[in-house]
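In case you want the letters, here they are:
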Amino acid sequence: MGKVMRALGLTGLALLAAACAEQPQDAVGSQVVGQQDVSASYLHDRLMVLDSHLDTPAYFHGGDYVFSDRGSWSEDGTNVDLPRMNEGGLDGGFWVIYTGQGPLTRESYAAARTSALMRQAAIREFAARYADEVELAFRAEDAARIHAAGKKIVYQSIENAYPLGEDIDLMQTLYVGGVRMISPAHFRNNQFADSATDVSPAYDGLSPLGEELVREANRLGMILDGSHAADTTVYDMIALSTTPIILSHSGPRGVYDHPRNVPDELLIALADSGGVIQVNGLGSYLEKLVPSPERAAALAALETEFGGSLYDLSPAQQQAYRAARDVLNAQFPPPRSSFETFMTHLLYTLELVGPDHVGLGADWDGGGGVDGMEDVSQLPKVTARLLEAGYTAEDLEKIWGGNMIRLLQAAEAESRAGLTSPGIPR
Ligand SMILES: [Zn+2]
């Protein structure tokens, strides 16, 4: 960020944005288009741009991933690293401690607990290794300070509370390590809640243990995240939580009828309670993606060869399956959604609940990314399109991170735990 940009206050930006937005469409020539591009990219660079669901920590332990090296979605399937964050003006966000759903047994809980604690350790190691480039964030106010210092902001979140087992107290341990957002469930119902994508409900919302999780999140000062949860669960979370909840990576069912998307009436209830939806960029939740007949046939042949469930295979068979799947994907690429469809979801949601209740959680490195927005280097296009749609610089400031930080402020204000620990500025 240059001195001129630093000196340009938000009021100036707002005027700039308003001027861009008010260009009459029929008067747009190449020169004006050029000015609009420059204005959008200036604004984008100046804003604090956060994403609420960065799955990148899955790469931190093992593999060839190096945060400071530029990767490529087409070559290695990744979406986020330092060079691409710089190119796309992404200033950070919530980095995810994800755990897949397993059986509700003591042994599986123990294994999942270890894995989640290791993932938190990996995030903290990452922050230590790249201390000149990134910084762990613990409080809402940390974001602006870290951004002003020119570093990337590293909040932590938990996707799927399954690794807690039945030990609600573990939330405090994870909180002290930096977790500030938690979602109860993932693809299946678990000990806390009904999932959006399970075959039938177990509790019609939160379980009694799930209600304890909500109360503990409020006590500690964590944002509650209803992504992946069943609609009934989200309604329960809104009713029980004393602070507004987030949907860290979800979409509007009004655009595409999928269980991972949220119906209008629930989005309106979310917004009425002060909550925020961060719009998802995972193709199969944006539209129905139909594989080509050749791909469908190849997939069917693969299934015949290896059987129905990956989990029934030996480690060697799983490796062979993955290798065969990679070959198949190279030969018959899976269908992809597009930037235009992503924008349709984002603009629909903004129209429905307004810019105080919408952000972005594109599921980077967790399946997110579409043709035309393959990775985070493409984010300035979103700013340009929102300006074209008439949203102001103030709107964009909220959409790109302000709303999420407001929710963390609310969670902090509600916190009754009075926790302090070394390294957590109070
Ligand atoms: Zn997810």
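See the structure shown above.
Because the structure is predicted, anything quoted here is derived from the model rather than measured.

Definitions and cut-offs
- Residues numbered from 1 in each chain as written.
- Predicted model: local features only at pLDDT ≥ 70, side-chain atom pairs only at ≥ 80, totals over all residues.
- Heavy atoms only, no water.
- Pairing = 2+ DSSP bridges.
- Helix = DSSP H or I, 4+ residues; strand = E, 2+ residues; numbered from the N terminus.
- Polar contact = N/O pair within 3.5 Å; in protein donor to acceptor, adjacent residues only side chain to side chain.
- Phe/Tyr/Trp six-rings, centres within 6.5 Å; stacked < 30°, edge-to-face > 60°.
- Buried < 20%, exposed > 50% of the residue type's maximum accessible area, 1.4 Å probe, protein only.
- Donors = N, O, S within 2.8 Å, 3.2 Å for Na, K, Ca; no water.
- Salt bridge = Lys/Arg side-chain N within 4 Å of Asp/Glu carboxyl O.

A.B. asks: Is there a simple way to think about the sheet that holds strand 8 (residues 261-262) in this case?
C.D. replies: A sheet is described by the order of its strands in space; here 4 strands give the open sequence 8-7-9-10, paired in parallel fashion. On the outer flanks of this sheet lie strand 8 and strand 10 (358-360), each paired with one strand and no other. Sheet topology places strand 9 (residues 276-279) next to strand 10; 3 bridges connect them, and they run parallel. Within strand 10, the position partnered with Gln278 by the bridge is Gly359.

A.B. asks: Help me understand the side chain of Gln318 in this model?
C.D. replies: Residue placement: Gln318 occurs in helix 14 (residues 315-331). There is a polar contact of 3.4 Å between the side chain of Gln318 and the backbone oxygen of Leu313.

A.B. asks: Got a minute to help me understand the packing of aromatic side chains in this structure?
C.D. replies: To describe a pair of aromatic rings, you give the distance between the ring centres and the angle between the ring planes. Evaluation of the coordinates by the stated rule reveals 12 aromatic pairs. On the basis of an interplanar angle of 35 degrees and a centroid distance of 6.2 Å, the ring pair of Phe60 and Tyr65 is categorised as tilted. The buried category is assigned to Phe60, whose relative accessible area is 13%. Tyr65 gets classed as buried once you look at its relative accessible area, which sits at 18%. Note on Phe94 and Tyr155: the rings are 5.0 Å apart at their centroids and 20 degrees apart in plane angle, and the pair reads as stacked. Of the two residues, Phe94 sits in strand 2 (residues 92-98) while Tyr155 sits in strand 4 (residues 152-159), which places them 61 residues apart along the sequence. The two residues Phe94 and Tyr155 agree in class, both being buried. Among the aromatic residues, those joined into a cluster by ring pairs are Tyr59, Phe60, Tyr65, Phe67, Trp95, Phe126 and Tyr130.

A.B. asks: Looking at this model, I keep getting lost on the environment of Asp167. Mind explaining?
C.D. replies: Take Asp167: it is sitting in the loop between strand 4 and helix 8 (170-177). Here Asp167 falls in the partly exposed class, since its relative accessible area comes to 27%. When the C-alpha atoms of Asp167 and Leu213 are compared, they prove to be 9.7 Å apart, with 46 residues separating the residues in sequence.

A.B. asks: Honestly, the coordination of the zinc ion in this entry has me stumped. Any pointers?
C.D. replies: Around a metal, the perfect tetrahedron of four donors has angles of 109.5 degrees, and the perfect octahedron of six donors has angles of 90 or 180 degrees. Of the protein atoms, only Glu159 (OE), His228 (NE2) and His249 (NE2) coordinate the zinc ion, at distances of 2.0 to 2.2 Å. Read N to C, the donor residues that coordinate the zinc ion are spaced as E-x68-H-x20-H. Residue His228 is located in the loop between strand 6 (223-224) and helix 10 (231-240), and its partner His249 is located in strand 7 (residues 246-252); the two are separated by 21 residues in the primary sequence. As far as the burial class goes, His228 and His249 line up, both buried.

A.B. asks: How should I be thinking about the pattern of salt bridges in this particular structure?
C.D. replies: Should the charged atoms of two oppositely charged side chains come close, the side chains can pair. Per the counting criterion, the structure on display carries 14 salt bridges. A salt bridge links Glu87 to Arg70; its shortest N-O distance comes to 2.8 Å. Here Glu87, found in helix 5 (residues 82-88), pairs with Arg70, found in the loop between strand 1 (50-54) and helix 4 (73-76); they are 17 residues apart in sequence, far enough to count as distant. Taking the relative accessible area as the measure of exposure, Glu87 reaches 44% and is therefore partly exposed. With a relative accessible area of 45%, Arg70 lands in the partly exposed category. Each of Glu135, Asp142, Arg145 and Lys151 takes part in one network of salt bridges that share partners.

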